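Reading the structure
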Amino acid sequence: QKTKEGFFNKLGRAVAGKDRVDEEVLDELENVLIASDVGLDTTIKIIERIEARVAQDRYLNTSELNHILRDEIVNLLAEQNNEDFDDYVLPTTERPAIILVVGVNGVGKTTTIGKLAHQFQQRGHKVVLGAADTFRAAAVDQLGIWAQRVGCEFYSKGMNTDPAAVAFETVQYAKKNDCSVAIIDTAGRLHTKFNLMKELSKIKRSVTKAMPGAPHQVLLVLDATTGQNAIEQAKAFTEATEVNSLALTKLDGTAKGGVAIGITDQFQVPIRYIGVGEGIEHLQVFNKRAFVDSLFGDTF
Amino acid sequence: MFDNLSDRLEGAFKSLTGDNKITEINVATSLKEIRRALVAADVNYKIAKEFTDKVKEKALGTENVLKAVKPGQLMVKIVQDELTELMGGQSVGINAKGDPAVILIAGLQGSGKTTFSGKLAKFLQEKRKQKVLLTACDVYRPAAIDQLTVLAGQVGADIYKEPENKNPVEIALKAIEHARQKKYDVVIVDTAGRLSVDEKMMQEISDVRQAISPHETLFVVDSMTGQDAVNTAKVFNDRIDYDGVVLTKLDGDTRGGAALSVKYTVGKPIKFVSTGEKMDALDVFHPDRMAQRILGMGDIISFVERA
Ligand SMILES: Nc1nc2c(ncn2[C@@H]2O[C@H](COP(=O)(O)OP(=O)(O)OP(=O)(O)O)[C@@H](O)[C@H]2O)c(=O)[nH]1
Ligand SMILES: Nc1nc2c(ncn2[C@@H]2O[C@H](COP(=O)(O)OP(=O)(O)OP(=O)(O)O)[C@@H](O)[C@H]2O)c(=O)[nH]1
Ligand SMILES: [Mg+2]
Ligand SMILES: [Mg+2]
């Protein structure tokens, strides 16, 4: 908390008492962006846009900078992420809708699935969770406990079974039992592991085999604490499974998750959900403006 | 996307000098390149700046760079040496002697604490022939106790657990008592993940630490952590004054700049690196390899997953 305030106060000071956006202000701005994990390339892109506006409008003063900066970043996000959803909506009108959840180890996949199932269930959808992480110790139990909490259906074949088979059968289960949505959990895997990424592609293919057109959503979960490696993650998972939406977790901590800006900028994959805690209610639908506002706080 | 730092530095020197004359300006430009490389590797930007200031002093102080035929390479060497020294010179072992020795494991959610607890048990049993008791003090995460139970089974260690008890201080104390009676050499206490801003949870871990006075407290950090590493490392250090750091998930392609940030901020040694999900994927820390890795010049093969 202290660090957060100190940081923005510093930007505040660089801005205060100045009537023009000058080099020093831009430098401070660059620091804020870097410290939020936005990354060098995207930071430079943002700074250049601000510079261009400063050059164009010579009377631009520092009080306007605040709005312009937020606007520019929201615009940057909007280029790839044009619609913000207001609510939890299933990715398709087809039933069952199939969501496949992927990501590196420990980012919050299973927890996000539990929270998301809860939201869908609350909106009257019948949900089944498929336990296709058959590898990590007690992964099936963990998802089973979430299913119980949510009060939704649960499909598992136990540990050390073929994850592609579990995924396939989860879809079949969803069809047979008139579920409106199936959410399939997968084992965490580092994007650099060739065999594990191949396995993931196989899981996805078996979902398609069970239901043409599925999975309707491939949700890549990213930990907001992650730095620039998240970009490599996005690249590799998108290649292996055609990721079409992102969830950003652990935003209740001090990490600001700025890397998500770079990722939306470079991969044209919209952020759909954010995780803000470990509890069942701690999921929110992503909103560009709110995210950018939280990135900067309100001190400046 | 990560160019080799050496190439970038050579470029920085060449681009500014039509005639091979090396000036302070080129040194400044190359420092900027180094800073950028560090930030791209997730080193905290303030630390990257302080670090390059130090490098500059060294480079200009010796006047070597100004005279060198290949100033880019010399800069790389200075950076690499400085970084290696900063990362801790040589590796430091853990204190697992006591009656029983108590080791407390703490860190953020999902950083790899439970997995590391299992690995450490295996390590101590095999390398030091110690009898280890794993203790399940994560009373929050769904199936946390089951997870540790499975890992304990995999490494052939015993586990102490109280599924109905929601008080980690009590569980830890009873585990130690149990270990004393049953003549265990080491008790490893796995705890729940927590955020540094979660006051209630930070108080809990500090209470556990106070109650059990561990011989060794280890802070587990995900090597993919970005700029926030500094903040978290500092808050945890203020609250539990840990003895060492465990760097996890180094089997991927992260450059791991967080390692430098943590070391620089709290000055505690990095003791272990975790390089996979399996129970034998544990290494002692090599400062020189880590320095090379952060600079993008590491021998990635040494981190590649074992078969
Ligand atoms: N503070 C906080 N913790 C979270 C959030 N999402 C998940 N977690 C915690 O992060 C840890 C890991 O979450 P999991 O859901 O098990 O992550 P996973 O990606 O399924 O992990 P693997 O299956 O092992 O790869 C757990 O302790 C969760 O409670 C969040 O939004 N905020
Ligand atoms: N690839 C890889 N995965 C790892 C490593 N260490 C842990 N993991 C994985 O990371 C995920 C999280 O590990 P855990 O040990 O559950 O992490 P934790 O810190 O105990 O998590 P919480 O108790 O929820 O805070 C699991 O999927 C582990 O298998 C590692 O060194 N490399
Ligand atoms: Mg999981
Ligand atoms: Mg754990």
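A few points on the structure. (Residues numbered from 1 in each chain as written. Chains lettered and ligands numbered in written order. Predicted model: local features only at pLDDT ≥ 70, side-chain atom pairs only at ≥ 80, totals over all residues. Heavy atoms only, no water.)

**Examining the site of ligand 2**
Heads up, the condition is: Near is defined per residue: the residue qualifies when any heavy atom it owns lies within 4 Å of the molecule or strand. Definition of a polar contact: a pair of N or O atoms within 3.5 Å, with one able to donate and the other able to accept a hydrogen when the atoms are protein atoms, and with sequence-neighbouring residues admitted only if both atoms are side-chain atoms. To measure how exposed things are, a 1.4 Å probe is used in the Shrake-Rupley method; for residues, cover is taken only from the protein chains shown. A run of H or I in DSSP counts as a helix once it spans at least four residues, and a run of E counts as a strand once it spans at least two, with each numbered from the N terminus.
Lys 113, Thr 114, Thr 115, Arg 141 and Glu 277 of chain B are the nearest of the 23 residues found near ligand 2. At the site occupied by ligand 2, the surrounding residues belong to chains A and B. Interatomic distance of 2.9 Å between a backbone N/O atom of Gly 110 of chain B and an oxygen atom of ligand 2. Here a nitrogen atom of ligand 2 and a side-chain polar atom of Asp 251 of chain B are 2.8 Å apart. In isolation ligand 2 exposes 640 Å². Once the protein is present, 96% of that is buried. In terms of residues, the shell around ligand 2 owes the most to one element, helix α6 (residues 113-127) of chain B, which gives four residues.

**Some remarks on the interface of chain A and chain B**
Spelled out, the test is: Only heavy atoms matter for contacts: two residues are in contact if any of them lie within 4.5 Å across the pair. As used here, buried area is the combined drop in accessible area, with a 1.4 Å probe, of two parts when they are placed together. A carboxyl oxygen of Asp or Glu within 4 Å of a side-chain nitrogen of Lys or Arg is what we treat as a salt bridge. Nonpolar residues are Ala, Val, Leu, Ile, Met, Phe, Trp, Tyr, Cys and Pro. Charged residues are Asp, Glu, Lys and Arg, and all others, Gly as well, are polar.
Contact with chain A, which involves 40 residues of that partner, is made by 37 residues of chain B. Buried surface at the junction of chain A and chain B, both sides included, amounts to about 3400 Å², of which 58% is carbon and sulfur. Applying the counting rule to chain A against chain B returns one salt bridge. Taking the shortest distance from any N to any O, the salt bridge between Lys 193 of chain A and Asp 251 of chain B comes out at 2.3 Å. For the pair chain A and chain B, the interface holds 14 residue pairs in polar contact (both at pLDDT 80 or more). The set of elements that each furnish at least two residues to the side of chain A that touches chain B consists of α1 (2-15), α2 (23-35), α3 (40-56), α6 (139-150) and α9 (229-241) of chain A. Counting residues per element, the side of chain A that touches chain B draws most heavily on α6 of chain A, at five residues. Residues of the side of chain A that touches chain B, tallied by class, amount to 13 nonpolar, 17 polar and 10 charged.

**Let's talk about the site of ligand 1**
Around ligand 1, the structure places 23 residues, and the nearest of them are Lys 109, Thr 110, Thr 111, Arg 136 and Glu 278 of chain A. Per-site note: the chains with residues close to ligand 1 are chains A and B. One nitrogen or oxygen atom from the side chain of Gln 142 of chain A is found 2.9 Å from an oxygen atom belonging to ligand 1. A distance of 3.0 Å separates an oxygen atom of ligand 1 from a polar atom in the backbone of Lys 250 of chain A.

**Some remarks on the sheet that holds strand β6 (residues 244-248) of chain B**
Residues and elements named next belong to chain B. Here is the rule: The pairing criterion is simple: DSSP has to find at least two bridges between the two strands. Each axis is a line fitted through C-alpha atoms, taken for helices only over the stretch in contact, and angles between the N-to-C directions span 0 to 180 degrees.
Ordered by their spatial adjacency, eight strands build an open sheet running β3-β2-β4-β1-β5-β6-β7-β8, and the pairing between neighbours is mixed. Only two strands of the sheet have a single neighbouring strand rather than two, namely β3 (158-160) and β8 (282-284). Sheet twist, expressed as the mean angle between neighbouring strand axes with direction ignored, is 25°. Relative to β3, strand β2 (residues 132-137) is paired through three bridges, and the arrangement is parallel. The residue bridging Leu 134 from the neighbouring strand is Ile 159, located in β3. Its contacts with the sheet place α6 against β1 (101-107), β2, β4 (186-191), β5 (216-222), β6, β7 (270-274) and β8, and it is angled at close to 170° to β4.

**Looking at the packing of helix α10 (residues 229-240) of chain B against helix α11 (residues 257-266) of chain B**
All names here are of chain B. Let me state the cut-off plainly: When describing relative orientation, an angle under 35 degrees is termed roughly parallel and one over 145 degrees roughly antiparallel, while 65 to 115 degrees is termed roughly perpendicular and anything else oblique. In this scheme the crossing of two helices becomes right-handed for a clockwise turn of the near helix relative to the far one and left-handed for an anticlockwise turn of less than a right angle.
With their axes 9 Å apart at the nearest point, α10 and α11 run at an angle of 40° to one another. With respect to their mutual orientation, α10 and α11 come out oblique. Considering how the two elements wind past one another, α10 and α11 form a crossing that is right-handed. When α10 is examined against α11, the residues Ala 229, Val 230, Ala 233, Lys 234 and Asn 237 are found in contact with a partner set consisting of Ala 258, Ser 261, Val 262, Thr 265 and Val 266. Considered class by class, the residues forming the contact of α10 with α11 number six nonpolar, three polar and one charged.

**Concerning the environment of Tyr 242 of chain B**
All names here are of chain B. Spelled out, the test is: Only protein chains enter the accessibility calculation, which uses a 1.4 Å probe. A residue is then buried if its area is under 20% of the maximum for its type, exposed if over 50%, and partly exposed in between.
Structurally, the position occupied by Tyr 242 is in the loop between α10 and β6. For Tyr 242, a relative accessible area of 0% gives the class buried. Those residues within four positions of Tyr 242 in sequence are excluded, and the remaining contacts are Thr 217, Phe 219, Ala 233, Phe 236, Asn 237, Val 262, Val 266 and Lys 268. Engagement of the side chain of Tyr 242 in a polar contact is seen with the backbone oxygen of Ala 233, the distance being 2.8 Å.

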